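Structural overview
Single-letter residue listing:
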Amino acid sequence: MTQSPSASALVPFVSVENMMKLVHHIGLTQVLKGIATYIEDDFKRWETFDKTARLGSYTDDGVMELMPTSDGLDYGFKYVNCHPKNIKDGLQTVVGFGLLANVDTGYPVLLTEMTMLTALRTAATSAVMAKYLAPEGARVMAIIGNGAQSEFQAMAMQAILGITQVRLYDIDPAATRKCGANLAQRGMKITQCATAQDAIEGAQIITTCTADKQLATILSDNMIGSGVHINAIGGDCPGKTELAEAILHRADIFVEFPPQTRVEGEIQQLPEDHPVTEVWQVITGAVQGRTSPEQITLFDSVGFAIEDFSALRYVRDNIKDSPFYQPMDLLVDPDDPRDLFGMLQRAK
Ligand code: NAD
């Protein structure tokens, strides 16, 4: 006869539906601010983490990645892909799920969807970095690439930096119309632009979030004036970049984890020894971020495991005593831990 699993065998599972309910229950702005705070806190204790470049399995069409890390108390990982061709087939470019486990026992304590959560954490990360790197008083941002990540990017910049104007461009005008419609009535002036050049006009923050599996030139050197902050999130795997190399030589470059970014980020275009600054050092105050109004700052974002770990911690802490998860029968619990076989036999 099948036994009911004991409480210790049940793992909280957050489905896509529950993730959306959780976000609406807390409020999107509060969630973005909350995840940003967790990310900032975790970057401040960067040295306590077990860090490794993510493990990617590359194909002609995309990449599947595992992103693990641990702070000694909790262990987390995310599975995520990037398949730019998926959009043509009505599928997402990026999907993910993740897990948080207790280091003491190794038992999972949370299993969750991470497609929504990745968009939230990527946007929160962009805004945290812009807080330290963007020019003082930045109010206008451009977003080149108006796909799944784009609205989250705008909302996080509004929540954390007070952005009031967003200028949009995508090679597909339907994507720009979708993004414009989603961001209408959100307290920001939204301008839909016909070219990337038009979109960056007057913007102090330029976010590139395009998806194309090639060395693309979304921004060319002559488009970038002094003093801007570039938040480049779309160049995030080998052979996939968004910026002309000349921009990288004019910018001060800030990265998450150099061993990963050297292979995946915009800086894959540069020699191995090109100087970069690790953003955690800016956040702790050990190194200054923006040093002058004329400086071009570039956050060469590829997405690092600690950001997912922060987002997983945020979800774990916020689903406590809530209806926004289901207990999932994920772990075995035989009466005698050595009697796994007996447990199987009794389930007949
Ligand atoms: P998406 O496919 O939903 O949207 C991408 C958009 O880019 C599409 O609308 C497409 O038409 C547009 N585009 C492609 N080429 C363009 C060009 N030359 N000029 C203007 N627009 C162009 O993808 P998404 O989920 O929004 O992700 C965007 C990118 O961000 C992907 O490359 C993804 O890998 C990356 N990403 C990075 C992080 C990170 O942490 N750095 C996290 C999530 C996603």
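Note: the structure precedes this text.
Attention here is on the structure that accompanies the text. (Residues numbered from 1 in each chain as written. Predicted model: local features only at pLDDT ≥ 70, side-chain atom pairs only at ≥ 80, totals over all residues. Heavy atoms only, no water.)

Section: the site of the ligand
The local shell around the ligand holds 26 residues, among which Thr93, Gln149, Asp170, Asp236 and Lys240 are the closest. Between the ligand and Thr93, the relevant distance is 2.5 Å, taken from an oxygen atom to a side-chain nitrogen or oxygen of the residue. A distance of 2.6 Å separates an oxygen atom of the ligand from a polar side-chain atom of Asp170. For the shell around the ligand, the residue count by class is 12 nonpolar, nine polar and five charged. (Near = heavy atom within 4 Å. Polar contact = N/O pair within 3.5 Å; in protein donor to acceptor, adjacent residues only side chain to side chain. Nonpolar A, V, L, I, M, F, W, Y, C, P; charged D, E, K, R; others polar.)

Regarding the sheet that holds strand S17 (residues 326-329)
Strand order in this open sheet of seven strands is S2-S3-S4-S5-S6-S1-S17, and the pairing throughout is mixed. Across the chains shown, the open sheet's two edge strands, defined by having one partner strand only, are strand S2 (55-58) and S17. Going across the sheet, the axis of each strand differs from the next one's by a mean of 20°, ignoring polarity. Note that strand S1 (residues 10-14) and strand S6 (residues 108-113) share two bridges and pair parallel. Residue pairing in the sheet places Val14 in a bridge with Thr112 of S6. Against the sheet, helix H10 (residues 305-319) engages S1, strand S3 (63-70), strand S4 (74-82), strand S5 (96-102) and S6, with an angle of about 115° to S4. (Pairing = 2+ DSSP bridges. Helix = DSSP H or I, 4+ residues; strand = E, 2+ residues; numbered from the N terminus. Axes fitted to C-alpha atoms, helices over the stretch in contact; angles between N-to-C directions. Contact = heavy atoms within 4.5 Å.)

Some points on unusual backbone geometry
For Gln185, which is not glycine, the phi dihedral falls at a positive 60°. Here Gln185 is to be found in the loop between helix H5 (173-183) and strand S9 (189-192). Positioned with a positive phi, Asp321 is a non-glycine residue whose angle comes to about 55°. Using a relative accessible area of 84% as the deciding quantity, one classes Asp321 as exposed. (Buried < 20%, exposed > 50% of the residue type's maximum accessible area, 1.4 Å probe, protein only.)

Brief notes about the packing of helix H3 (residues 115-133) against H10
Packed helix pairs are characterised by how far apart their axes lie and by the angle those axes make with each other. Between H3 and H10, the shortest axis-to-axis distance is 10 Å and the interhelical angle comes to 115°. The chirality of how H3 crosses H10 is right-handed. Seen from H3, the contacting residues are Leu117, Thr118, Arg121 and Thr125; seen from H10, they are Glu307, Asp308, Ala311, Leu312 and Val315. Partitioned by chemical class, the residues of the contact of H3 with H10 number four nonpolar, two polar and three charged. (Left-handed = near helix turned anticlockwise from the far one by under 90°.)

A look at the pairing of strand S10 (residues 205-208)
The side chains of a regular strand alternate between the sheet's two faces. Because side chains alternate across S10, one face comprises the buried residues Ile205 and Thr207, and the other comprises Ile206 and Thr208, equally buried. As judged from the four bridges shared by strand S7 (residues 140-144) and S10, these two strands associate in the parallel manner. In the strand pairing of S10, Met141 is matched with Ile205.

Here's the deal with helix H2 (residues 28-44)
Here H2 is 17 residues long and its end C-alpha atoms lie 24 Å apart, about the 24 Å a rise of 1.5 Å per residue gives. By the burial criterion, the buried members of H2 are Val31, Leu32, Gly34, Ile35, Ala36, Tyr38, Ile39, Glu40, Asp42 and Phe43. Among the structural elements, helix H1 (16-26), H3, helix H4 (150-161), helix H9 (279-284) and H10 are those in contact with the buried residues of H2. (Expected span 1.5 Å × (residues − 1).)

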